[in-house]
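Fold and geometry: a report
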Amino acid sequence: MEMEMEMEMERKMKKKKGEAEAEAEAEAEVCFDENLLFEVLKHVDARTLAMAGCVNKQWQKTSQDERLWELICTKQWANTGCGEQQLRTVVLALGGFRRLYKLYLFPLSNPHTPPKHLRLGKDELHLSLSLFSTRYFEKMTFNHRTT
Amino acid sequence: MKRDHDDRCGVRGSGSGSSPSNGKAKMWEAEQQQGQGGGNDELLAALGYKVRSSDMADVAQKLEQLEMVMVSAQEEGISHLGSDTVHYDPTDLYSWVQTMLTELNPPQNHHNTILIQDENNNNNILIDDSEYDLRAIPGIAAYPPESQTNSKRQKASPMESGTVTVSEPTRPVVLVDSQETGVRLVHTLMACAEAVQQENLKLADALVKHVGLLAASQAGAMRKVASYFAQALVRRIYGIFPEEPHDSSFSDVLHMHFYESSPYLKFAHFTANQAILEAFATAGRVHVIDFGLKQGMQWPALMQALALRLGGPPIFRLTGIGPPQPDNTDALQQVGWKLAQLAETIGVRFEFRGFVCNSLADLDPDMLDIRPGEAVAVNSVFELHRMLARPGSVEKVLDTVKQIKPKIMTVVEQEANHNGPVFLDRFTEALHYYSSLFDSLEGSSSSSSTDDHLMSELYLGRQICNVVAYEGVERVERHETLAQWRARLGSAGFEPAHLGSNAFKQASTLLALFAGGDGYRVEENNGCLLLGWHTRPLIATSAWKLPSTTAES
């Protein structure tokens, strides 16, 4: 799934780069406030957010902001079962919300999986976190191998 | 099934005996059987059928014809074959098939009339080794259903009585039907195991060699399972017992690959963790004792869950137990060090202690350094069954556990009875079990690398070898079912603690992530969770607590 998303992004990037940059140059006058972009992107879904990163470098930088992906991961339910700051600290330490989404939450919400998993709930988040932390640990093992 | 028809008619035939009952008995001429050495097909000979190698293609074709004719003749009934026709020596396939065909249809080629004269067999002994109802074996049940082949033949042969024509003359004759061979393979394995049980080692040796040949014609899971079982049987027959490899680092590597390539271990870890989390609730200091630390893969997820606990994480102590290393490297400490690093990353106060011992029965409560005021959990993933190899060990372990008064003990075990007193029963059980397990690895292999896959098979292969070839204290893979563990733990004084719906949901979600997740099933059984492949449960997670006395904080 990871690869799919990256490939899709790359393809769209190449397509849109041509048009978008031409447009952006034309509108160079307009000061494209990053904050404005950020505010807008707060309200889009995961797919749109990922695609937004294909428009140009500025959009890419903004769309990869962890805070936006944190929203994607957590906004679907009122209560994740843990404190906001807590979750943030742990997830950022383990690799960030964008990666968490890409690796586990995206496959779980993928329309190809059985319909019952289309909605991302607390269970999906907690399972993803378990897998995320295990993966981090595994990667650690690989890098820090001592004889 | 073709073979059933053969056997049924054959059995009835031999019942009519050597005296022709009425005028319908026919005499057939047979070319003199040259005895065993005269170019008979080896494979079939080992299973009790005499077919000359030169006749193989012909026999195969005739068997196909026979089946087609039988299928079409079913409305008229073929019971007359059983009572009226005399079958001499059904093990002589060539002649027997001629008999059958001619009975069902007027003969077209009279030059094929055969007289059976078997000088070797004075009595009509039918070597029927179909004592085992193979349809009951789940692994076989997972194969393509036979109705496909039968219906195909039915459609293809609009038979009219009186014509014996091969309906698909251009179809090449299949000499080795792999589904048929699959059944023969299982047959032979069972026959071999029975021979071993009866200490008929020469027969067992012959049979196991043929298992090898038959296995070569199979593909996929069946071949691998058969090979591992055959290997194990060879060891048992010849008494080859290589020193149990004490190199646990290789075992750990295999374990890791098995972890990656299938959901079983993840399922075990996540469901156990859920139970531990719930038992720890709001305790400020927690202590987990892991009976088999290995690479510590279970604990990052628990630590992360503790880190996210409302109110903040507790102080987390982990005692990891492992076997002694041959080269004195401290594997446990290395794992502990990595876990400590992770704990620091996510902000959990962590303390680790590694404990080396040969057997869990060597543990005493004071060795474990239980501090007052801490909530204790004991975790055992595939470790308890090893204690059954020595009498008294498992009782000692459970006693030790009771003395340290844990909030919860989580037990994950294989859901199978590989510890019965009779070898053949164990063998059969194991064949079913590992067939399902290998099937599931095949089914979900797309999501993992071939390395993982191969290593996982080797991991399981070692277990198979232990179950089949070893005895006494060396046979440590003494798996028992959930029901058996329930009884054992119950009588030791433990009460079941129900795994909640959270655990069930997590398990189901986990399976959704695995390609081939269609085949896996999670089921709940009186508060325990089982993960299986299709209809066969393969591992069980259960949680236990002591009857509530004064609760620890």
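Residues numbered from 1 in each chain as written. Chains lettered and ligands numbered in written order. Predicted model: local features only at pLDDT ≥ 70, side-chain atom pairs only at ≥ 80, totals over all residues. Heavy atoms only, no water.

1. Here we look at the interface of chain A and chain B
Accessible area lost upon the coming together of the parts is a frequently used measure of interface size. We apply this condition: Contact between two residues is taken to exist if any of their heavy atoms lie within 4.5 Å; hydrogens are not considered. Take the accessible area each of two parts loses on contact, using a 1.4 Å probe, and add the two losses: that sum is the buried area. Salt bridges are defined as contacts in which a side-chain nitrogen from Lys or Arg sits within 4 Å of a carboxyl oxygen from Asp or Glu.
The interface of chain A with chain B comprises 30 residues on the first partner and 32 residues on the second. Taken over both partners, the interface formed by chain A and chain B buries close to 2,700 Å², and the fraction arising from carbon and sulfur atoms is 69%. In terms of surface lost to chain B, no three residues of chain A exceed A:Asp123, A:Leu127 and A:Phe137, which account for 22% of the buried area on that side. Inspection of the region where chain A meets chain B yields one salt bridge. A salt bridge links B:Lys505 to A:Asp123, with the nearest nitrogen and oxygen atoms 3.7 Å apart.

2. Considering the pairing of strand β8 (residues 528-533) of chain B
All names here are of chain B. Our working rule: Here's how the labels work: a residue is buried when its accessible area is under 20% of the maximum for its type, exposed when over 50%, partly exposed in between, all with a 1.4 Å probe on protein chains only. Secondary structure elements are taken from DSSP: a helix is a run of H or I of four residues or more, a strand is a run of E of two residues or more, and numbering for both begins at the N terminus. Note on pairing: two strands pair once DSSP finds at least 2 bridges between them.
Summarising burial for β8: six of the six residues are buried, a large majority. Here β8 shows a buried face lined by Cys-528, Leu-530 and Gly-532 and a second buried face lined by Leu-529, Leu-531 and Trp-533. The antiparallel pairing of β8 with strand β9 (residues 536-545) creates a hairpin that spans two residues between the two strands, and His-534 there sits at a positive phi of about 50°.

3. Notes on unusual backbone geometry
Generally, phi is negative for residues other than glycine and the peptide bonds are trans, each holding for most cases. All names here are of chain B. Positive phi is not limited to glycine here, since Phe-382 has a value of about 60°. Mapped onto the secondary structure, Phe-382 falls in the loop between β4 (375-381) and α15 (393-403). Of note in the backbone geometry, Lys-405 takes a positive phi value of approximately 50° without being a glycine. Note that Lys-405 resides in the loop between α15 and β5 (408-414). With relative accessibility at 49%, the residue Lys-405 sits in the partly exposed group.

4. Looking at the UniProt feature "domain: F-box" (unreviewed entry) in chain A
We count it as follows: UniProt positions are given in the numbering used here, feature names are shortened, and annotations may be inferred rather than shown by experiment.
The sites that carry the UniProt feature "domain: F-box" (unreviewed entry) are, in the present numbering, residues 36-74 of chain A. Across residues 36-74 of chain A one finds 74% helix and 0% strand; the C-alpha atoms that close the span lie 22 Å apart.

5. Some thoughts on the packing of aromatic side chains
To keep things clear, this is the line we draw: Working definition: a ring pair exists when centres of Phe, Tyr or Trp rings (six-membered ring for Trp) sit within 6.5 Å. Plane angles under 30 degrees give stacked, over 60 give edge-to-face, the rest tilted. For a Lys NZ or an Arg CZ to count as sitting over a ring, it must be within 6 Å of the ring centre and within 35 degrees of the ring normal.
On inspection of all chains with the given rule, the structure shows 13 aromatic pairs over all chains. Here A:Trp69 and A:Tyr101 contribute two aromatic rings whose centre-to-centre distance is 5.5 Å and whose plane-to-plane angle is 45°, an arrangement assigned as tilted. Taken together, the residues span a long stretch of sequence, with A:Trp69 in helix α5 (residues 66-74) and A:Tyr101 in helix α7 (residues 97-109) at a distance of 32 residues. Their ring planes at 10° and their centres at 6.1 Å tell us that B:Phe258 and B:Tyr264 sit as a pair that is stacked. Every member of this aromatic cluster is reached through a ring pair, and the members are B:Phe229, B:Phe423, B:Phe427, B:Tyr433 and B:Tyr434. Against the face of B:Phe423 rests B:Arg236, its NZ or CZ located 4.1 Å from the ring centre.

6. Some details on empty space enclosed by the protein
Residues and elements named next belong to chain B. Our working definition: Detection works on a 1 Å grid of protein atoms alone, calling trapped sets that fit a 1.4 Å probe cavities and calling open sets with protein on both sides within 12 Å along at least five of seven lines pockets, with lining residues defined by an atom within 4 Å of a point. Grid points are joined across faces, edges and corners, and a volume is the space filled by probe spheres set on the points. Under the scheme applied, nonpolar residues are Ala, Val, Leu, Ile, Met, Phe, Trp, Tyr, Cys and Pro; charged residues are Asp, Glu, Lys and Arg; polar residues are all the others, including Gly.
Per the stated rule, a full pass over the model turns up nine cavities of 30 Å³ or more. There is about 120 Å³ of room inside the largest cavity. Forming the walls of the largest cavity are His-255, His-269, Asp-290, Gly-292, Leu-293, Lys-294, Gln-295, Gly-296, Met-297, Gln-298, Trp-299 and Val-381. Each residue belonging to the lining of the largest cavity can be placed in one class, and the counts come to four nonpolar, six polar and two charged.

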